[in-house]
Protein chains: 2
Amino acid sequence: VFLDQLASQSARLREQFKIDLRVRGILGSKRMVLAETGIAVEHWRREYEQRGVPANLDRFIEHVHVDYLPHSVVIDCTASADIAGRYAAWLGAGMHVVTPNKKANSADLVYYRALHEARRAGGAHYLYEATVGAGLPVVHTLRDLRETGDEITSVEGIFSGTLAYLFNIYDGRTAFSDIVRDARQRGYTEPDPRDDLSGMDVARKLIILGREMGLELELADVKVESLVPTGLETGSIEDFMARLPRHDAAMRERLDAARARGKVLRYVGRLTCDDTSRTRSAGARAPSGVATVGLVELDTRHPFANIALTDNVVRFATRRYCDNPLIVQGPGAGPEVTAGGVFADLLRLAAYLGARL
Amino acid sequence: VFLDQLASQSARLREQFKIDLRVRGILGSKRMVLAETGIAVEHWRREYEQRGVPANLDRFIEHVHVDYLPHSVVIDCTASADIAGRYAAWLGAGMHVVTPNKKANSADLVYYRALHEARRAGGAHYLYEATVGAGLPVVHTLRDLRETGDEITSVEGIFSGTLAYLFNIYDGRTAFSDIVRDARQRGYTEPDPRDDLSGMDVARKLIILGREMGLELELADVKVESLVPTGLETGSIEDFMARLPRHDAAMRERLDAARARGKVLRYVGRLTCDDTSRTRSAGARAPSGVATVGLVELDTRHPFANIALTDNVVRFATRRYCDNPLIVQGPGAGPEVTAGGVFADLLRLAAYLGARL
C-alpha cells in the first residue's frame, strides 16, 4: 500500500518539489528485487513478481547503500524484531530509517540507547510516527511539546482499535467470546486474537511514548492487565477460541459491576510522569513514570467512552494543556492510514535533507 | 511568552543538539533592541527596557539579516497586516519567517501567491502552524495528508475558543448579551467582542486551511454568518454592548427552534472540496471548494456539541479517513500554547536546516 501511495505521488513530487525518490530495492519475506537506477514504482508489483530473486537482507542493504547517491533510506514495513535489530548498524552507517515497526523502540533500553547513539554518530534520521496511531499525529505532537519545554503530566488513551471495538460493542447481550469470534471473522483482530487481548501491543506503544517523554521504561515495567485468561496463554488458536466462552461469566460480572456504578468498560493505556520538573534541566536524572495498561471503568460521558467503533484516541495533559488536554483521535490502524504515516515521515526526511516542500 | 519559553530551553538546545539560537533583535511597537552577538535571552525584558531605542522596522531587518550568519529568521508575533505585507520581500531575500499572524496567508490570492513564489525563489522556509489552533497540530496534519496523496473531502470545526465558550454556556437561562458581557469581563473575548462575533477570525483560519488544501479561495468567497446584528457593525464598543440586548430575543428564538428539534447551537467553520480527484494530478486546474462560517444546529451527541469550554476542534474527512474522521482537539488560543506552536515551528526550521533533533 505504501508503494502504491508513493507511485501515485512520485511524478508530482518530482515536478513540483524536485524530490527524486528512487526505489532501488524491494525486499519481501521470500523474494527481493534490486535495480540499479530505480524500480518503476507504478509497476512495482510486476517487477517484484517477474524479476524477483531469493531474498537476502545483507545483499539488499549492500545494494541500497551506495556512495554515489546522496542519501539512502530503509523503509521497514515489517513487524520483525530481527530487522529492527539491524537499525543501529544501518543508522550508524548513515542510512536513514523510516518505519511503523514497534520492535526497535520497544526493545530493551540497552538497544534503544544504542540505536539513538548510532543515529547521532551516523548523522542519520530515524522516523517512526506510524508506530503509534498509524497516520495520526501522536509521536510528533509529543516531541514538539517536549522539545519546546512543555512538561508532560500524563499521556493516556485507547491505543488499540481492536480493543476499542470489542468494548464499544460489548453490552452484555452477546457473550464476550462471541464478540471476539465475530471480530476475528471480520478481520478486526490479529489471526491469533491473543495478540490483541494480551495488551502487549498497547504496552509497546506506551513504551515508545514514554521513552519519547524521557522516561527510562522497560517493557517489563508496564503494568499490563492481559485479557487472555490464565491457562489459555499457550496452545492453538482453535483451542483458545473453544475455551474462551468459559470465561464469559467473569467478564460479564465486571461489566455489571461497572454498570452498577453508572460506568462503562474501556481498555486504556496510561503513562504518568511523577516529577515533570526533572524533564526540564539537561543532565538531570531521568524523570520516573508509571505505565499501566488495562480495563478501566469510565464515566459514560468520558471522551474515551464515546469514540467511533475502532478509533484510537490519545490525550496529552501538560503544563500548558492543563485545564483541557490536547486530544488526537481517529482510525489508528489499517494499511492506508499506516502507509500515509510512513509516507509523511519520508517527506519529513526529505525536508530535513534540504527539500523545499 | 515565546521569548520566555526560548530562554528556558536555549541552554538545553545548545548542549543537547548543538542548536545555537541567537536573538539578535527584539522589535516592539514603540521600541526595539539590537545586539551584535545576541541578546542574553534570559534577561530579554531588562535588555529591552534598558537598552531599547525607538522602533524602526527597516533598520531592524537590516540588522538581523547579515551575511556572516548562516541563517536568519523573523518571528512575527504581531497581528499586523503591515508586517505580514513584508514577508514576501524577506522570504525572497532568503530570510525565514515563523509566525502565528494570520494576515499574510489570508490576504488576497495575489499576495498569497507572491509570498510562496518569493519563498521558493529565496530558498527560504515559511512556517505558520500557530495561525490555526495555536499549538494544536492542524496545519501540518493537513499538509501531511495532502502531500502523501490523500484526498481531503472536508475540514470542519470550531475554530474560535470564544465562540465555543459562548455557545457552550448559552442555555437560554441567561440572555445572550449577558453572556457576552460576562465573557468580555473575564477576558475571554477581544476588547471589542465584535472581532469575535463577526466570524472574520474564523473565516481567516478557513482561508488558510483551504489554501493549504489547494483551493483558490478569497476571503470574500467565505460565506460568513456574522453574529453582530445589522446596524451595530460600527460605533463604539460601549454603544455596541448597550444595544446588544435588543437582539437577545432573536437569539433565544434560534435556540428554542434548535431545541425543539433536539439540537444545540454551535458556531462552526466548514470547508468542503467539490472534486477531490483534481487535487491529485499535478498541473490540473485547482479544485473548487466551498467555505462557510456560521451558527448551525447539531445533534446533542455530535462531537462538536461536547467539547470542553473554550476548546477548538478540527475534523478532517478524507479518502483515507472516510468512515471516521481524524480529529484534533484542545485549547486553540492563549499565550502559552501559541508560543509553544511558534517554538515548535522554529525547531522544525532548525531541523530543515540540518539540525539533528
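Please refer to the structure placed before this passage.
## Things to note about the overall build of chain A
Part 1 of the argument: Along chain A, the regular secondary structure elements total 14 helices and 12 strands.
Part 2 of the argument: Against the globule reference of 21 Å for 357 residues, chain A gives a C-alpha radius of gyration of 22 Å, in line with a compact fold.
Part 3 of the argument: Overall, the C-alpha framework of chain A stretches about 70 × 50 × 35 Å when taken along its three principal axes.
Part 4 of the argument: By the burial criterion, 55% of the 357 residues in chain A qualify as buried.
Part 5 of the argument: Sequence separation of 24 or more characterises 68% of the internal contacts of chain A that already satisfy a separation of 6 or more.
Part 6 of the argument: Seen as two clouds, the 46 positive and the 47 negative side-chain charges of chain A have centres 2 Å apart.

## With respect to the relation of the copies chain B and chain A
Part 1 of the argument: The transform that puts chain B on chain A rotates by 180° and translates by 0.0 Å along the axis, for an RMSD of 0.0 Å. Taken together, these values place the two copies in the relation of a two-fold axis.

## Quick look at helix H3 (residues 57-64) of chain B
Residue and element names in this part refer to chain B.
Part 1 of the argument: Buried residues of H3: Leu57, Phe60, Ile61, His63 and Val64, and no others. Projected down its long axis, H3 carries its buried residues within an arc of 160°, all on one side.
Part 2 of the argument: Looking at the packing, one finds that the buried side of H3 touches strand E1 (25-27), strand E2 (31-34), strand E4 (73-75), helix H4 (81-84) and helix H5 (87-92).
Part 3 of the argument: Of the residues that open H3, the one with a side-chain oxygen 3.1 Å from the backbone nitrogen of Asp58 is Asn56.

## Structural notes on the sheet that holds strand E4 (residues 73-75) of chain A
Residues and elements named next belong to chain A.
Part 1 of the argument: Here three strands make up an open sheet; going across it, the order is E4-E5-E6 and the pairing parallel. Here the strands that pair on one side only, and so sit at the sheet edges, are E4 and strand E6 (126-127).
Part 2 of the argument: Where E4 lies against strand E5 (residues 96-98), three bridges are found, and the strand directions are parallel. Across the sheet, residue Val73 finds its bridge partner in E5, namely His96.

## Points about the packing of aromatic side chains
Part 1 of the argument: The final tally for this structure, using the stated rule, is 15 aromatic pairs over all chains.
Part 2 of the argument: Residues Tyr170 of chain A and Phe176 of chain A carry aromatic rings whose centres are separated by 5.2 Å and whose planes lie at 70° to one another, so their mutual orientation is edge-to-face.
Part 3 of the argument: Plain terms: the ring middles of Tyr87 of chain B and Trp90 of chain B are 6.1 Å apart, the flat faces sit at 40° to each other, and that makes the pair tilted. Pair noted here: Tyr87 of chain B and Trp90 of chain B are both in helix H5, with a separation of three residues, about one helical turn. Judged on exposure class, the residue Tyr87 of chain B and its partner Trp90 of chain B are both buried.
Part 4 of the argument: Ring pairing ties together the aromatic residues Tyr87, Trp90, Tyr126 and Tyr128 of chain A, which thus form one cluster.
Part 5 of the argument: It is Arg211 of chain A that lies over the ring of Tyr112 of chain A; its NZ or CZ is 4.8 Å from the centre.

## Notes on the environment of Gly123 of chain A
Part 1 of the argument: The topology assignment puts Gly123 of chain A in the loop between helix H6 (109-122) and E6.
Part 2 of the argument: When its relative accessible area of 25% is taken as the criterion, Gly123 of chain A is described as partly exposed.
Part 3 of the argument: It is 7.7 Å that separates the C-alpha atoms of Gly123 of chain A and Gly92 of chain A, two residues lying 31 residues apart in sequence.
Part 4 of the argument: The contacts of Gly123 of chain A, once residues within four sequence positions are left out, are His96 of chain A together with Arg356 of chain B.

## Considering the environment of Pro287 of chain B
Residues and elements named next belong to chain B.
Part 1 of the argument: Positionally, Pro287 belongs in the loop between strand E9 (263-273) and strand E10 (289-299).
Part 2 of the argument: Since its relative accessible area comes to 7%, Pro287 is described here as buried.
Part 3 of the argument: With 37 residues separating them along the chain, Pro287 and Asn324 place their C-alpha atoms 23 Å apart.

Conventions used here
- Residues numbered from 1 in each chain as written.
- Chains lettered and ligands numbered in written order.
- Predicted model: local features only at pLDDT ≥ 70, side-chain atom pairs only at ≥ 80, totals over all residues.
- Heavy atoms only, no water.
- Helix = DSSP H or I, 4+ residues; strand = E, 2+ residues; numbered from the N terminus.
- Rg over C-alpha atoms; globule rule 2.2 N^0.38 Å.
- Buried < 20%, exposed > 50% of the residue type's maximum accessible area, 1.4 Å probe, protein only.
- Contact = heavy atoms within 4.5 Å.
- Lys, Arg positive; Asp, Glu negative; His and termini not counted.
- Charge placed at Lys NZ, Arg CZ, Asp CG, Glu CD.
- Least-squares fit on C-alpha atoms with pLDDT ≥ 70 in both.
- Arc of directions from axis to C-beta.
- Polar contact = N/O pair within 3.5 Å; in protein donor to acceptor, adjacent residues only side chain to side chain.
- Pairing = 2+ DSSP bridges.
- Phe/Tyr/Trp six-rings, centres within 6.5 Å; stacked < 30°, edge-to-face > 60°.
- Lys NZ or Arg CZ within 6 Å of the ring centre and 35° of its normal.

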